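Below, each chain spelled out in residue letters.
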Amino acid sequence: QKEVEQDPGPLSVPEGAIVSLNCTYSNSAFQYFMWYRQYSRKGPELLMYTYSSGNKEDGRFTAQVDKSSKYISLFIRDSQPSDSATYLCAMGTNTNAGKSTFGDGTTLTVKP
Amino acid sequence: DVKVTQSSRYLVKRTGEKVFLECVQDMDHENMFWYRQDPGLGLRLIYFSYDVKMKEKGDIPEGYSVSREKKERFSLILESASTNQTSMYLCASSLREFGYTFGSGTRLTVV
């Protein structure tokens, strides 16, 4: 059983749709929750960073963390073709020298 | 703009060669990491370093070693390259518990 499980996808949605990307985890010590976006043949880039439970919004992106359910989500509103990428969730504790545990990624395609 | 720079985007090496992958960051980050990324297997941690001359094994260290002589530079060494080390290699750096900044990756093919 992996520590972090990510909905595998792939996901294909029409432009303008609301997208929900999800991860579950088993380690209750995780306190830092990140979402990365990775375009084809590029390195991942940090998209959202959240500490502990709650919501964080940045433009069209909202990250949600529910520590009681060990569940995190990334919502993308008004999705655009430029959002087509692989999205990786990642989590970490404050006692592990910044080492993160990654999900396997969900590939999203937004069709014009 | 902060950066993590990997020395090569594409490399082709022969089986048995010693291979050096170089990574340099300009953000004065304490932590540096080497991952490999393979389809269906996600990101797997090879080694990481939280200080100069310090290194820790990740999940798949076999066949690899690392060097961190200066804070900004973290090198991954394949002692004797094998075909099963063909992969995308990603270097990253971070402050203590913040998110990573990744390099663009090195796609290594071992023939």
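Structure shown above.
Being a predicted model, the structure only gives us computed values, none of them experimental.

Parameters and conventions
- Residues numbered from 1 in each chain as written.
- Chains lettered and ligands numbered in written order.
- Predicted model: local features only at pLDDT ≥ 70, side-chain atom pairs only at ≥ 80, totals over all residues.
- Heavy atoms only, no water.
- Helix = DSSP H or I, 4+ residues; strand = E, 2+ residues; numbered from the N terminus.
- Contact = heavy atoms within 4.5 Å.
- Areas by Shrake-Rupley, 256 points an atom, 1.4 Å probe, with all protein chains shown as cover.
- Lys, Arg positive; Asp, Glu negative; His and termini not counted.
- Charge placed at Lys NZ, Arg CZ, Asp CG, Glu CD.
- Rg over C-alpha atoms; globule rule 2.2 N^0.38 Å.
- Buried < 20%, exposed > 50% of the residue type's maximum accessible area, 1.4 Å probe, protein only.

Participant: I'd like to hear about the overall build of chain B, residue by residue, with values.
Facilitator: Regarding its fold elements, chain B presents zero helices and twelve strands. Secondary structure of chain B in N-to-C order comes out as β-β-β-β-β-β-β-β-β-β-β-β. Dimensions of chain B, computed from the C-alpha atoms along their principal axes, are close to 35 × 25 × 25 Å. Once local pairs closer than 6 in sequence are excluded, the contacts in chain B between residues at least 24 apart make up 54%. Summing over all exposed atoms, chain B offers an accessible surface of approximately 5,500 Å²; the carbon and sulfur share of this is 49%. In chain B, which carries 16 positive and 15 negative side-chain charges, the distance between the mean positions of the two groups comes to 6 Å.

Participant: Any details on the overall build of chain A? Residues and values, ideally.
Facilitator: For chain A, the count of helices and strands is zero helices and eleven strands. In chain A, the succession of helices and strands from N to C terminus is β-β-β-β-β-β-β-β-β-β-β. Its C-alpha radius of gyration of 13 Å places chain A within 12% of the 13 Å reference for a compact globule of 112 residues. Dimensions of chain A along its principal axes, counting C-alpha atoms only, are 45 × 30 × 25 Å. Within the span of chain A, comprising 112 residues, buried residues form 46% of the whole. Residue pairs in contact within chain A that sit at least 24 positions apart in sequence constitute 55% of those at least 6 positions apart. Accessible surface for chain A amounts to roughly 5,300 Å². Of this, 47% is attributable to carbon and sulfur atoms. Placing the 11 positive and 11 negative side-chain charges of chain A at their respective mean positions leaves the two points 5 Å apart.

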